[in-house]
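Inside the fold
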Amino acid sequence: MISALMPTYNRADLAFERGEGAWLYTTDGRRFLDFAAGIATSSVGHANPHLVKAIAEQAGKVMHVSNLFRVPQAERLAARLVEATFADSVFFCNSGAEANEGMVKAVRRAQAKSGHPERTRILCFEGAFHGRTLGMLSATGNPTYLDGFGERAPGFDHVPLNNMNAVRNAVTAETAGVMLEPIQGESGIKPADTRFLQELRAMCDEFGLFLAFDEVQTGVGRTGKLFAHEWANVTPDVMSSAKGLGGGFPIGAILAREAVAKHLTPGTHGTTFGGNPLACAAANAVLDIILAPGFLDRVQERAAFLNTELDAVIGDFPDVFSERRGLGLLIGLRCVPKVADVLAATQAAGLLAVSAGDNVLRLVPPLTISEQDCREAVSRLRQAAETVRAATLETAS
Ligand SMILES: *Cc1c(COP(=O)(O)O)cnc(C)c1O
C-alpha cells in the first residue's frame, strides 16, 4: 500500500528530533554533522537563538494578515535588501520556484509594456535547475523531470553554459531575457565563467534584453558574498532568492531594478502567504546575522580553511574524489565511485551531505559553521573515503 506521504522522495531512514548549530540529533539519540543544511537552506544553523526568538515573538503577535494590508516586517525586509543589493524593489513569495515564476513574469511584462510584446522567450542553459512548477520544469528543461507531465510550457530555449556563440545564435526577435544560476547547483556545482557573465550583461544591454539571475541556492551569503554575482561584478536586472533567506522558514523573493519592477502594478501578480509577518520576521533575523559587520568575511575565511582541508582529502583519496568545485560554502566534490555510495558512507560516518548531478557530493554547511566543526567534518569525510576505498578494493579482488 502507498505511504501516507506521497512517494516523491527516496528518503534516508533518519528522523531528527532537534538540532543545534551544525548538529542534528535523531529520535534514537545519534548525532550527525549537518553539511546538507536542508539543501543549502539552514543558513544560520539549527535552533539559532536569534532566529528562534524572532519567530516565537512574531508568532505570538500576528503571523498572517494578507497583502491587503501593509506589512511593516515586509517593508523593512525589502528596504534592507534594496539597501544591500542592485535592486530597487522586492516582491516576497514562498519558494524558489515561485520566485522564478514571478521573475519570468516580470521580464515578459516589462518587455510587453515597453513596446515589445513579441519578446516573450527566455534563454536558459543546459544543466539549469529552476524548480518544479510547470513553467519552471520547462525552464529547467531536464527530460527526466519533464517525463509524464505533458507538453512543455512554451517560451524557454536552452543552450550550453559558458558558450557565448551559442547564446548569440539562439537570440531572436522574440527573446525577452536570459535566465541563469551564477553557479549551477543541482546539476553539479558548475560555475558560469566571470567573462561569460560579463559578456551576457553586455549583450543584454546591446539588445534590450533583461538579465535574470536565479540565486535561490547561491545567494544570502552562501558563496561568501551576499549574492554570488558580486564576485563577477555583474549585476542582473532581476534576481530570485529563497533557500537560505529564511534560515529554514519558507520565504522567496524577487529583487528587481525599477525598469522591471515598475510594470508589476496592482493586480498583475500576487500570493496569499508571500511576505507575511512571520516569514519576514524570520528573514529579517537571518539578515541581522548575515549583514552584521565581518560575518561574510568570516564565511570566506571558514570556506578557505575548509576548502584547503578538502583539497588535501582529494590528494589523499584520488580513487574516491577527482575534483573540487564551487565558491565559498557552496562546495561540490566530484566522486570517482558512484556518488550514492560515497553519500551512504558519509552518512554512516555521521556526516550529512547532498548529492548533485555529474556524480558530485555537495557540501553546504550552515554559514555559521565553526572551524572545529569543519575539522570534524573533514575527519568524518576521510573515514567515509576509507570505507569507500575498502569496499572498492574488495569488489576488485
Ligand atoms: C532549489 C532551487 C530552486 C527551487 O526552489 P524551491 O524552493 O524548491 O521551489 C530553484 N532554483 C535553484 C537554483 C535552486 O537551487
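Residues numbered from 1 in each chain as written. Predicted model: local features only at pLDDT ≥ 70, side-chain atom pairs only at ≥ 80, totals over all residues. Heavy atoms only, no water.

Looking now at the packing of aromatic side chains. Aromatic rings considered in pairs are described by the distance between their centres and by the relative angle of their planes. By the definition in use, this model includes 3 aromatic pairs. Their ring planes at 80° and their centres at 5.9 Å tell us that phenylalanine 16 and phenylalanine 32 sit as a pair that is edge-to-face. With a gap of 16 residues between them, phenylalanine 16 in strand β1 (residues 16–20) and phenylalanine 32 in strand β3 (residues 31–34) connect regions that are remote in the sequence. The class for phenylalanine 16 is partly exposed, based on a relative accessible area of 33%. On the numbers, 5.7 Å between centres and 85° between planes, the contact of phenylalanine 125 with phenylalanine 196 is edge-to-face. Placement of the pair is phenylalanine 125 in strand β5 (residues 121–125) and phenylalanine 196 in helix α8 (residues 194–207), with a sequence separation of 71 residues. The pair phenylalanine 125 / phenylalanine 196 is uniform in exposure class, with both members buried. (Phe/Tyr/Trp six-rings, centres within 6.5 Å; stacked < 30°, edge-to-face > 60°. Helix = DSSP H or I, 4+ residues; strand = E, 2+ residues; numbered from the N terminus. Buried < 20%, exposed > 50% of the residue type's maximum accessible area, 1.4 Å probe, protein only.)

Here, the residues flagged by UniProt with the feature "modified residue: N6-(pyridoxal phosphate)lysine" (unreviewed entry) are Lys243. With respect to the helices, strands and loops of the structure, lysine 243 is situated in the loop between β11 (238–241) and β12 (252–256). For lysine 243, the contacting residues outside a window of four places in its chain are Ile39, Ala40, Thr41, Glu186, Val216 and Gln217. (UniProt positions renumbered as here; feature names shortened; annotations may be inferred. Contact = heavy atoms within 4.5 Å.)

On to the side chain of aspartate 34, then. Mapped onto the secondary structure, aspartate 34 falls in strand β3. The buried charged residue aspartate 34 lacks any salt bridge partner; its closest oppositely charged side chain belongs to arginine 222, at an N-O distance of 9.1 Å. Polar contacts involving the side chain of aspartate 34 include one to the main-chain amide nitrogen of alanine 36, which spans 3.0 Å. Among the polar contacts made by the side chain of aspartate 34, one reaches the side chain of histidine 46 at a distance of 2.7 Å. Ignoring any residue separated from it by four or fewer positions in sequence, one finds aspartate 34 in contact with Ala22, Leu24, His46, Leu352, Pro365 and Pro366. (Lys, Arg positive; Asp, Glu negative; His and termini not counted. Salt bridge = Lys/Arg side-chain N within 4 Å of Asp/Glu carboxyl O. Polar contact = N/O pair within 3.5 Å; in protein donor to acceptor, adjacent residues only side chain to side chain.)

This part takes up the site of the ligand. Close to the ligand lie Ser95, Gly96, Ala97, Asn100, Phe129, His130, Gly131, Glu181, Asp214, Val216, Gln217 and Lys243, which account for all nearby residues. Phenylalanine 129 places a polar main-chain atom, nitrogen or oxygen, 3.2 Å from a nitrogen atom of the ligand. Take glutamine 217: an N or O atom from its side chain is 2.7 Å from an oxygen atom of the ligand. In isolation the ligand has 380 Å² of accessible area, and contact with the protein removes 80% of it. In terms of residue count, helix α4 (residues 96–113) provides more of the shell around the ligand than any other element does, 3 residues in total. (Near = heavy atom within 4 Å. Areas by Shrake-Rupley, 256 points an atom, 1.4 Å probe, with all protein chains shown as cover.)

This paragraph deals with the UniProt feature "binding site: pyridoxal 5'-phosphate" (unreviewed entry) in the protein. Under the local residue numbering, the UniProt record ascribes the feature "binding site: pyridoxal 5'-phosphate" (unreviewed entry) to Gly96, Ala97, Phe129, Asp214, Glu215, Val216, Gln217 and Thr272. A stretch of 177 residues holds the annotated residues, and the largest C-alpha distance among them is 25.2 Å, long enough that they do not meet in one place. With respect to the secondary-structure elements, phenylalanine 129 resides in the loop between β5 and α5 (134–140). Relative accessible area serves as the criterion here: at 16%, phenylalanine 129 is assigned to the buried category. In this structure, phenylalanine 129 is in contact with Thr140, Tyr145, Glu181, Glu186 and Asp214, ignoring residues within four places of it in sequence.

On to the packing of helix α2 (residues 49–61) against helix α11 (residues 277–290), then. It is the contact of α2 with α11, at a shortest axis distance of 9 Å, that shows an interaxial angle of 155°. The angle between the axes of α2 and α11 places the two elements in the roughly antiparallel class. Crossing hand, α2 versus α11: right-handed. Between α2 and α11, the residues in contact are His50, Leu51, Ala54, Ile55, Gln58 and Ala59 and Pro277, Leu278, Ala281, Ala282, Ala285, Val286, Asp288 and Ile289, respectively. Here the contact of α2 with α11 is composed, by residue class, of 11 nonpolar, 2 polar and 1 charged. (Axes fitted to C-alpha atoms, helices over the stretch in contact; angles between N-to-C directions. Parallel < 35°, antiparallel > 145°, perpendicular 65-115°, else oblique. Left-handed = near helix turned anticlockwise from the far one by under 90°. Nonpolar A, V, L, I, M, F, W, Y, C, P; charged D, E, K, R; others polar.)

The next subject is the environment of threonine 144. With respect to the helices and strands, threonine 144 occurs in helix α6 (residues 143–146). Along the backbone, threonine 144 and alanine 303 are 159 residues apart, and their C-alpha atoms lie at a distance of 33 Å.

As a further point, take helix α13 (residues 339–348). Those residues of α13 that sit buried are Val339, Val342, Ala345 and Thr346. For α13, the arc enclosing every buried residue in end-on projection is 125°, short of the 170-degree limit, so these residues lie on one face. Exposed side of α13, more than 90 degrees from the buried face: Ala340 and Ala348 are the residues found there. Against the buried residues of α13 lie β13 (321–327), β14 (330–335), β15 (351–352), β16 (354–356), β17 (360–363) and α14 (371–396). (Arc of directions from axis to C-beta.)

As assigned here, the protein comprises domain 1 (16–46 + 294–396) and domain 2 (49–290). The C-alpha-based centres of domain 1 and domain 2 are spaced at 27 Å. Facing the 27 residues of domain 1 at the interface are 25 residues of domain 2. For the pair domain 1 and domain 2, the two sides together bury roughly 2,200 Å², of which 65% comes from carbon and sulfur. In terms of surface lost to domain 2, no three residues of domain 1 exceed Val44, Leu327 and Leu330, which account for 25% of the buried area on that side. Applying the counting rule to domain 1 against domain 2 returns 1 salt bridge. Measuring nitrogen to oxygen at the nearest pair gives 2.9 Å for the salt bridge that ties glutamate 186 to arginine 362. (Domains from an automatic or database assignment. Buried area = accessible area lost by both parts, 1.4 Å probe.)

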